[in-house]
Amino acid sequence: MCNANATNLLLDCGWYYQACPRCSKKVAGDSDDLWCTKCETKVVMPVARFLVRFEVQDHTDTAIFVALDSEVQNLVRQPQLS
């Protein structure tokens with residue numbers, strides 16, 4: 001365990017992804033033709049899920065961390081996006 005600080009929120013790739021409502025995996029394709037490769041089905045109504053990248057720094061170095069949906073919900077105390 002170590003002490004570190006989140007120093008920078010990285011939003012260049014956005015802060016969420018479009019996910020399959022059945023399995024929560026990222027959907028593929030364009031807005032008119034979305035597919036879940038895990039479920040192997042067409043996705044008509046994708047669900048927005050949090051995906052946040054941020055830099056964390058301690059006294060030795062800086063690293064990039066990724067927080068996914070449930071972790072971000074706990075951090076910001078907000079329910080799932082709809």
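Residues numbered from 1 in each chain as written. Predicted model: local features only at pLDDT ≥ 70, side-chain atom pairs only at ≥ 80, totals over all residues. Heavy atoms only, no water.

Per an unreviewed UniProt entry, the recorded name for the protein chain is Replication factor A C-terminal domain-containing protein, and the organism is Papaver nudicaule.

As summarised here, the arrangement of the three strands in space is β3-β4-β5, forming an open sheet in which the pairing is antiparallel. What marks the edges here is a single partner per strand, and that holds for β3 (28–30) and β5 (41–43). On average, each strand axis in the sheet is tilted by 30° relative to the strand beside it, whichever way the strands run. Where β3 meets strand β4 (residues 33–36), three bridges bridge the pair, whose relative direction is antiparallel. (Pairing = 2+ DSSP bridges. Helix = DSSP H or I, 4+ residues; strand = E, 2+ residues; numbered from the N terminus. Axes fitted to C-alpha atoms, helices over the stretch in contact; angles between N-to-C directions.)

A few words now on helix α1 (residues 69–76). Every α-helix carries 3.6 residues per turn, so stepping three or four residues along brings you back to the same face. Within the span of α1, buried status applies to D69, V72 and Q73. Buried positions in α1, seen along its axis, are confined to an arc of 105° and lie on one side of it. In α1, the exposed positions angled more than 90 degrees off the buried face are occupied by N74 and L75. In this fold, the buried residues of α1 make contact with β6 (47–57) and β7 (62–68). (Buried < 20%, exposed > 50% of the residue type's maximum accessible area, 1.4 Å probe, protein only. Arc of directions from axis to C-beta. Contact = heavy atoms within 4.5 Å.)

Let us now look at the pattern of salt bridges. For the structure shown, the criterion picks out two salt bridges. D33 is the partner of K42 in a salt bridge, and the nearest nitrogen-oxygen pair spans 3.6 Å. D69 serves as the salt-bridge partner of R49, at 3.3 Å between the closest nitrogen and oxygen. Taken together, the residues R49 in strand β6 and D69 in helix α1 connect sequence positions 20 residues apart. No difference in accessibility class separates R49 from D69, as the two residues are buried. (Salt bridge = Lys/Arg side-chain N within 4 Å of Asp/Glu carboxyl O.)

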